[in-house]
Amino acid sequence: MYEVEIKVRADHDSVRGALEKREAAVLNTVTQADTYYDAPMREFAETDEALRVRRERADSEDGRSRSRDAETVKLTYKGPLVDESSKTREEHETAVEDASAIEATLDALGFEPVATVEKRRERFAFDGYTVSLDVVTDLGEFVEIEKEVEEAEIDEAREGAVAVLESLDLDPEEGIRTSYLGLLLADAQ
């Protein structure tokens, strides 16, 4: 599967209003902590790949994160970007039952944590896409439009993501291809 994604900086209030006006379905709000790893045999920053462990908790109605009992954990590999206009890349993801065990396994194999990206994410379903309003710690507010597709559907999905972005009064020309990790590391330098 490939994840077709377009990300822009945007004010959430105006985008949320546009989503409500267009009757987008509210999916959920979650808090995510993504720990990214570097491989012992190559540097993912140089190969444009990513390996992460995501810890995710659903937020309650009052906006607070629920207990660790409600935490889900996923291991994700993302391949290099495949085009010049979006963040489309091959992605493999699987649920992990025990976060400590996968972290210990990665450590034993020589994978080293690079950084952790923390964010609060509101998700909406709109025109076959997931629209996420992300507040990323130390970076600010972003909107991501994404969809998972087979390789043969990438071009059509990318065009659709642009259309969704435009329908929310956002400019696809302002798309950011750099990951949140890349943005955080660039700010740290």
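Note that the structure is a prediction, hence the values are computed from the model and not measured. (Residues numbered from 1 in each chain as written. Predicted model: local features only at pLDDT ≥ 70, side-chain atom pairs only at ≥ 80, totals over all residues. Heavy atoms only, no water.)

### Regarding the sheet that holds strand E7 (residues 129-136)
Then comes step 1: The antiparallel closed barrel is built from eight strands, whose spatial order is E1-E5-E4-E3-E2-E6-E7-E8. The mean angle between the axes of side-by-side strands here comes to 35°, regardless of whether they run parallel or antiparallel.
Then comes step 2: In this fold helix H1 (residues 12-21) packs onto strand E6 (112-126), E7 and strand E8 (140-149), with an angle of close to 160° to the strand it touches most, E7. (Pairing = 2+ DSSP bridges. Helix = DSSP H or I, 4+ residues; strand = E, 2+ residues; numbered from the N terminus. Axes fitted to C-alpha atoms, helices over the stretch in contact; angles between N-to-C directions. Contact = heavy atoms within 4.5 Å.)

### Thoughts on the layout of surface pockets
Then comes step 1: Taken as a whole, the largest pocket holds about 850 Å³ of empty space.
Then comes step 2: Lining of the largest pocket is provided by 43 residues; of these, Tyr36, Arg52, Lys78, Lys87 and Ser179 occupy positions nearest its centre.
Then comes step 3: Residues that form the lining of the largest pocket fall into these classes: 11 nonpolar, seven polar and 25 charged. (1 Å grid on protein atoms, 1.4 Å probe; cavity = no way out; pocket = protein on both sides within 12 Å on 5 of 7 lines; lining within 4 Å. Points joined across faces, edges and corners; volume = space filled by probe spheres on them. Nonpolar A, V, L, I, M, F, W, Y, C, P; charged D, E, K, R; others polar.)

### Some remarks on the packing of aromatic side chains
Then comes step 1: Per the stated rule, a full pass over the model turns up one aromatic pair.
Then comes step 2: Note on Phe142 and Tyr180: the rings are 5.1 Å apart at their centroids and 65° apart in plane angle, and the pair reads as edge-to-face. Linking Phe142 in strand E8 with Tyr180 in helix H5 (residues 180-188), this pair joins segments that are 38 residues apart in sequence. You'll find Phe142 and Tyr180 in the same group, each marked buried.
Then comes step 3: Positioned over the ring face of Tyr129 is Lys147, at 4.9 Å from the centre of the ring. (Phe/Tyr/Trp six-rings, centres within 6.5 Å; stacked < 30°, edge-to-face > 60°. Buried < 20%, exposed > 50% of the residue type's maximum accessible area, 1.4 Å probe, protein only. Lys NZ or Arg CZ within 6 Å of the ring centre and 35° of its normal.)

### Some thoughts on H1
Then comes step 1: Along H1, the positions that sit buried rather than exposed are His12, Val15, Ala18 and Leu19. Down the axis of H1, the buried side of the element spans an arc of 125°, and every buried residue falls inside it. Exposed residues on H1 whose side chains face more than 90 degrees from its buried face are Asp13, Glu20 and Lys21.
Then comes step 2: Structurally, H1 contributes buried residues whose contacts are with E6, E7 and E8.
Then comes step 3: Between a side-chain oxygen at the N-terminus of H1 and the backbone nitrogen of Asp13 the separation is 3.3 Å; the capping residue is Asp11.
Then comes step 4: Once H1 finishes, Glu23 follows within two positions and takes phi at roughly 60°, a positive value. (Arc of directions from axis to C-beta. Polar contact = N/O pair within 3.5 Å; in protein donor to acceptor, adjacent residues only side chain to side chain.)

### Focus: the pattern of salt bridges
Then comes step 1: Enumeration over the complete set of coordinates arrives at 20 salt bridges.
Then comes step 2: Between Lys119 and Asp34 there is a salt bridge whose closest N-O contact spans 2.8 Å. Pair noted here: Lys119 is in strand E6 and Asp34 is in strand E2 (residues 25-38), with a separation of 85 residues, a long-range link.
Then comes step 3: Residue classification places Lys119 among the buried positions, given a relative accessible area of 4%.
Then comes step 4: Residue Glu103 pairs with Arg55 through a salt bridge whose shortest N-O separation is 3.2 Å. Linking Glu103 in helix H3 (residues 99-108) with Arg55 in strand E3 (residues 50-58), this pair joins segments that are 48 residues apart in sequence.
Then comes step 5: When its relative accessible area of 16% is taken as the criterion, Arg55 is described as buried.
Then comes step 6: What you see here is one network of salt bridges that share partners, running through Arg55, Arg57, Glu71 and Glu103. (Salt bridge = Lys/Arg side-chain N within 4 Å of Asp/Glu carboxyl O.)

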